[in-house]
Amino acid sequence: MKQIKVTEATNIQIDWLVSTLTNPEWDYEDRAYNTFDWVDTGDTNDEQYSPSTEWSQGGPLLCREGIATYPMPGGVGDEWRAEKYGRHLQAGPDPLIAAMRCFVASKLGETVEVPEELT
């Protein structure tokens with residue numbers, strides 16, 4: 001395992017972290033990291049689990065957790081902000097990535113561990 005800052009987590013790392021938080025019975029050592037086949041999305045089309053890019057997967061989590069998103073003030077870059085009840089402020093290039101980083105930080109803190117294979 002390797003420690004990373006949530007603010008620097010890539011999409012694949014965010015997706016893995018969200019998956020481990022929403023599916024605590026999952027054992028990452030028994031699965032293939034790059035296919036995200038460890039999560040049953042309920043989709044008969046074998047859709048990959050990617051809450052950092054798929055609104056149909058990340059959106060319900062954002063709503064359930066009470067995470068607010070908004071564009072960064074001043075038009076600095078394409079950054080978006082996300083926060084949960086005024087705490088766990090995170091940023092990202094779009095609202096969904098910012099929100100998923102916020103979700104992870106609210107559950108695990110600002111520094112997290114991910115498998116070496118995801119770095």
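Going by the structure above, here's the rest.
Predicted model only: the values in this text are computed from it and were never measured.

**Q** Even after reading the chapter, I still don't get the nonpolar core, so can you show me in this structure?
**A** Taken as a class, soluble globular proteins show a tendency for nonpolar side chains to be buried jointly. In this structure, V18, I67, M100 and V104 are the most contacted members of the largest nonpolar core, which totals 24 residues. Of all the secondary structure elements, the ones that give two or more residues to this core are α1 (11-22), α2 (55-65), α3 (95-108) and β5 (111-114). No other element matches α3, which puts nine residues into this core. Contact partners of M100, with chain neighbours within four places excluded, come to I14, V18, P51, S52, G58, L61 and L62.

**Q** For this particular structure, what's the right way to read α1?
**A** Quick reminder: α-helices carry 3.6 residues per turn. Residues three or four places apart thus point the same way. With twelve residues, α1 extends 16 Å between its outermost C-alpha atoms, agreeing within 8% with the 16 Å of an ideal straight helix rising 1.5 Å per residue. Those residues of α1 that sit buried are Q13, I14, D15, W16, L17, V18 and S19. On its buried face, α1 sits against β1 (2-5), α2, α3 and β5.

**Q** Would you mind going over α2 with me for this structure?
**A** Turning to α2, its buried residues are Q57, G58, G59, L61, L62 and E65. Residues of α2 that are buried sit in contact with α1, β2 (67-71), β3 (80-84) and α3. Among the residues trailing α2, G66 stands out with phi positive, at a value near 70°.

Cut-offs applied
Residues numbered from 1 in each chain as written. Predicted model: local features only at pLDDT ≥ 70, side-chain atom pairs only at ≥ 80, totals over all residues. Heavy atoms only, no water. Core = buried A, V, L, I, M, F, W, Y, C linked by side-chain atoms within 4.5 Å. Buried < 20%, exposed > 50% of the residue type's maximum accessible area, 1.4 Å probe, protein only. Helix = DSSP H or I, 4+ residues; strand = E, 2+ residues; numbered from the N terminus. Contact = heavy atoms within 4.5 Å. Expected span 1.5 Å × (residues − 1).

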